[in-house]
Amino acid sequence: MDFKQHITGVILGLAMMPAQAALNVFACEPEWADLVRALVPNADIHTATAARQDPHYIEARPSLIAAMRRADLAVCTGASLEAGWLPALISRASNRDIQPGKPGLFFATEQVTLHQPHDHVDRSMGDVHPEGDPHVHLDPQRVPEIVDALADRLIELAPDHSNMIRLRQLQWQVRWKLSTAQWQEAAANLKGMPIAVQHATFGYLLRWLGVDAAIDLEPKPGLPPSAAHLRKVLSDPSLQTAKLVLIATYQDERPARWLSEQTGLPVEVLPGTVTDEAGTDSLANLISHIIERLQQYQEESPPEVGSHG
Ligand SMILES: [Zn+2]
């Protein structure tokens, strides 16, 4: 066999080698699927919940158990967000790689410090997450920390992909930094804007933006809005200055609509997570979309600092 033939043989051999099996990932929520896809585009990802579902409460369906059983890695929120269904799912799937403490189980909230940790929890406080507010996925500051930790974890599980993952991690971080600068600029006139919310779904982003979300339709975190609590909200003087009621697509719209009928406040229903629709199909796009929507309600333009015009 001459050299040319030999090389051809090697190339053919390479081409015929079975492609490395794609990394199989179980994502508890669409935001984590988005981050995994950004780092490992050819990963085979099964996402357990969608924007129209309340991630606190889903059913451990057989299809989810099967997906968990064949996964190499599960990426979830943690901090009790999935306490109602994930432990049962993990136990029924009995995948020995995806167990508490194993590298195959990644919790986003374990990679960052959480807002509002509670030392003490009892039923009277509602369905609170004792480790702190788990809804970290819309936080411009915390998500990059999660991406770094996720990249490390993916490399631990798939060392062959290490160069690609590091490159994509870097690209993601640069893009996020650019977006963050845009959000900061765009959000300058949202600072101090009072709004009413239902649950802490958008809490980290609103806090980062300086939006005042002190009015909550939930009497206690995780407890559905009650008639008594809604009447209390209605008589709250701070409601007078509120610009809108912000709820997530998975939430019951009736309490917000009722409040709107009483006060004339507009109701804004936004996806709490990444969707399949253009405009909200990645975490960065979703944050841009939320900021744009909030700006619709803030008619005052930002003061022109240092303008001599
Ligand atoms: Zn929650």
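Residues numbered from 1 in each chain as written. Predicted model: local features only at pLDDT ≥ 70, side-chain atom pairs only at ≥ 80, totals over all residues. Heavy atoms only, no water.

1. Regarding the overall build of the protein chain
Now for step 1: Tallying secondary structure elements over the protein chain gives 10 helices and eight strands in all.
Now for step 2: Of all 309 residues assigned to the protein chain, the portion counted as buried reaches 47%.
Now for step 3: Summarising the internal contacts of the protein chain: among those between residues at least 6 apart in sequence, 64% fall at separations of at least 24.
Now for step 4: Of the accessible surface of the protein chain, which amounts to about 16,000 Å², a share of 53% is contributed by carbon and sulfur atoms. (Helix = DSSP H or I, 4+ residues; strand = E, 2+ residues; numbered from the N terminus. Buried < 20%, exposed > 50% of the residue type's maximum accessible area, 1.4 Å probe, protein only. Contact = heavy atoms within 4.5 Å. Areas by Shrake-Rupley, 256 points an atom, 1.4 Å probe, with all protein chains shown as cover.)

2. Considering the sheet that holds strand S4 (residues 105-107)
Now for step 1: In spatial order, the strands read S2-S1-S3-S4; together these four strands make up an open sheet with parallel pairing. The open sheet has two edge strands with one neighbour each: strand S2 (44-47) and S4. With strand direction ignored, the average angle separating the axes of adjacent strands in the sheet is 20°.
Now for step 2: Two elements, strand S3 (residues 73-76) and S4, share three bridges in a ladder whose sense is parallel. Bridge assignment links Ala74 to a residue of S4, and that residue is Leu105.
Now for step 3: Packed onto the sheet, helix H2 (residues 30-39) meets strand S1 (24-27), S2 and S3 and runs at close to 170° relative to S2. (Pairing = 2+ DSSP bridges. Axes fitted to C-alpha atoms, helices over the stretch in contact; angles between N-to-C directions.)

3. A closer look at the confidence of the model for the protein chain
Now for step 1: For the protein chain, per-residue confidence averages 90 on the pLDDT scale, and 87% of positions sit at 70 or higher.
Now for step 2: Counting contacts from residues 10-18, a segment whose pLDDT is below 50, to residues more than four positions away or on other chains yields zero contacts.
Now for step 3: Segment residues 305-309: pLDDT under 50, and zero contacts once partners within four positions in sequence are set aside and those in other chains are kept. (pLDDT = per-residue confidence, 0-100.)

4. Examining the packing of helix H3 (residues 62-70) against helix H4 (residues 86-93)
Now for step 1: Running from N to C, H3 and H4 cross one another at 65°; their axes reach a closest spacing of 8 Å. As H3 packs across H4, the resulting crossing turns out to be right-handed. Facing Leu64, Ile65, Met68 and Arg69 of H3, the residues of H4 in contact are Leu86, Leu89, Ile90, Arg92 and Ala93.
Now for step 2: Here the residues of the contact of H3 with H4 are counted per class, giving seven nonpolar, no polar and two charged. (Left-handed = near helix turned anticlockwise from the far one by under 90°. Nonpolar A, V, L, I, M, F, W, Y, C, P; charged D, E, K, R; others polar.)

5. Considerations on helix H5 (residues 142-157)
Now for step 1: The terminal C-alpha atoms of H5, which comprises 16 residues, lie 23 Å apart, in line with the 22 Å expected from a rise of 1.5 Å per residue.
Now for step 2: Residues Arg142, Val143, Pro144, Ile146, Val147, Ala149, Leu150, Ala151, Arg153, Leu154 and Ile155 constitute the buried set of H5.
Now for step 3: Where H5 is buried, its residues touch H2, S3, S4, helix H6 (162-186), helix H7 (203-209) and helix H10 (283-295). (Expected span 1.5 Å × (residues − 1).)

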